[in-house]
Amino acid sequence: MERICVLGLGYVGLPTAAMLATHGHEVLGVDVSRQVLDRLHNGEVHIHEAGLRSLVRAALKSGHLRIAEGPEPADAFIIAVPTPIVREEQALAEGAPQGSPVADLSYVISAAEAIVPHLQPGNLVILESTVPPRTTEDVVAPILRRSGVRDLLVAHCPERVLPGRILAELVGNSRVIGGVDQRSAEAARELYASFVEGEMLLTDATTAELVKLMENTHRDVNIALANEFALVAERVGVDVWEAIDLANRHPRVKMLRPGPGVGGHCIAVDPWFVVQAAPDLTPLIQTARRVNDGMPAHVVELVRQAVAGVERPVIACLGLTYKADVDDVRESPALRVLELLKAEGFEVLACDPHVRALPEAYGRLLPVSEALRRADCAVILTDHAEFRALSPEDLRLMRRPLVIDSRCALKGRLGTPDAEHRLLGSGR
Ligand code: SAJ
């Protein structure tokens, strides 16, 4: 496999393109966003991920990675475009069950259609985007086959990398490779073998789709379980964090962590693709989604209780990204908390050292020290290293040192004389 065209230069497509280009392939990276292309042409990378900028720069400099607005003929095409969810109103209009979002496949369909004019006999097309079961067989393959080109190989190889560890996981993780037939799976295995050191697990395309959804749904349901226990612990006077630590000493128990909800472009989204395929068979998955989506409102309730009696309280929201030490605010439960606090009429200060710009509605981003100085109550929504390192002295800047900690970032580090520390999931 020599020439590879990667469609979509986001969190997955860009690292994959750069990795292939630095492992002996001629790669064309394609993106429809002018802004993304301009930045890459200037040697800038629009995604903040350890090691990615130098890898992309090396790939561009070597000439093995080129960037363009549209595809060109190649030996293999990799589709790594987003599959967001269509919001509830539109989903209802499209016939989805009450309130269940459905997948927006428009980017996948456009990418497949963009490839068609360039297809040649024997080409391999790999879909990496996460999709509802049967999409490769029923949506993507038919578009490609309509080209009339003979001998096309088609596979679904879901990406499984964790933001924050993308480059290491791209190489080290095992890879599920689902072909529409055996030859397709084998051809895809050969392509990934140039840089993947993990196991290559061959299966059919629909199984690969379901495996990917199963992985993220497993995580979502287990986070929902932790969140439900957090609420129970508050009611029965227990600290859920201590209880989870103790339960996890059992050799077959692995509870995850409660928090302000589940965000990101995967775990808060992918379970809906399973629901879409079988709404009548997935009550557990649907409930888990709603439990996690209910957590921001619970955090707001904790704030309301904590500042009852304070006149016109000012609330500092510490951490806006969907998880620690990344700069991604997609589907972030922290932003939902901010919106709900504002809707309740609180004065809210936004603070996140990893975020450079926010839509105007969220207000101006403030440095931590300024936000603390102006606040009556600080809510930790993301456990960035900067917040885990906050000291009693930092909190003494506050008008009234009161911290609501939805991530267990400061447990055991603050005593009552330093600051009042209220922990989500603790009824103590
Ligand atoms: N979270 C909790 N409690 C936990 C773990 C996570 O509340 O115990 C929250 C996080 O704060 C965050 C959300 O869940 O808001 C998701 O974070 P994450 O670190 O669990 O996952 P992602 O979305 O960054 O990446 C996931 C990964 N999937 C799994 O671990 C099964 C990654 O391997 C996938 O490639 C990625 O989704 C994807 O693109 O699908």
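Procedures and definitions
Residues numbered from 1 in each chain as written. Predicted model: local features only at pLDDT ≥ 70, side-chain atom pairs only at ≥ 80, totals over all residues. Heavy atoms only, no water. Salt bridge = Lys/Arg side-chain N within 4 Å of Asp/Glu carboxyl O. Helix = DSSP H or I, 4+ residues; strand = E, 2+ residues; numbered from the N terminus. Buried < 20%, exposed > 50% of the residue type's maximum accessible area, 1.4 Å probe, protein only. Contact = heavy atoms within 4.5 Å. Domains from an automatic or database assignment. Buried area = accessible area lost by both parts, 1.4 Å probe. Polar contact = N/O pair within 3.5 Å; in protein donor to acceptor, adjacent residues only side chain to side chain. Nonpolar A, V, L, I, M, F, W, Y, C, P; charged D, E, K, R; others polar. Core = buried A, V, L, I, M, F, W, Y, C linked by side-chain atoms within 4.5 Å.

### Focus on the pattern of salt bridges
In total, this model carries 29 salt bridges according to the counting rule given. A salt bridge links Asp 38 to Arg 34; its shortest N-O distance comes to 3.3 Å. Taken as a pair, Asp 38 and Arg 34 lie in helix α2 (residues 34-41) at a separation of four residues, close to a single helical turn. With a shortest N-O distance of 3.2 Å, Arg 165 and Glu 169 are connected by a salt bridge. Residues joined by salt bridges that share partners form a network here, namely Glu 347, Arg 364, Glu 370 and Arg 374.

### Considering the environment of Leu 349
Looking at the secondary structure, you find Leu 349 in strand β12 (residues 347-351). Its relative accessible area of 4% is what places Leu 349 among the buried residues. Spatially, the C-alpha atom of Leu 349 lies 38 Å from that of Ala 18, the residues being 331 residues apart in sequence. Dropping the residues within four chain positions of it, Leu 349 is found in contact with Val 314, Ile 315, Ala 316, Cys 317, Leu 366, Ala 371 and Arg 374.

### Remarks on the domain arrangement of the protein chain
Domain assignment breaks the protein chain into domain 1 (3-205) and domain 2 (213-428). Taken together, the contacts link 21 residues of domain 1 with 23 residues of domain 2. Regarding the contact of domain 1 and domain 2, the summed buried area is about 1700 Å², with carbon and sulfur atoms giving 56% of it. Three residues, Tyr 11, Ile 85 and Pro 163, lead the burial of domain 1 against domain 2; their summed loss comes to 27% of the area buried on that side. Across the domain 1-domain 2 interface, the total number found is one salt bridge. For Glu 215, the salt bridge is made with Arg 160, and the minimal N-O distance between the two is 2.4 Å. Taken together, domain 1 and domain 2 are joined by four residue pairs in polar contact (both at pLDDT 80 or more). For the side of domain 1 that touches domain 2, the class distribution of residues is 12 nonpolar, six polar and three charged.

### So, the nonpolar core
Membership of the largest hydrophobic core comes to 45 residues, with the highest contact counts inside it found for Leu 20, Leu 40, Leu 124, Ile 126, Ala 188, Leu 191 and Tyr 192. Per-element accounting of this core gives the leading share, six residues, to helix α1 (residues 13-21). Here Tyr 192 is in contact with Ile 126, Glu 128, Cys 157, Arg 175, Ile 177 and Met 200, once residues within four sequence places are set aside. If you look at the next biggest cluster of nonpolar residues, it comprises 36 residues, including Met 295, Val 303, Ala 334 and Cys 408.

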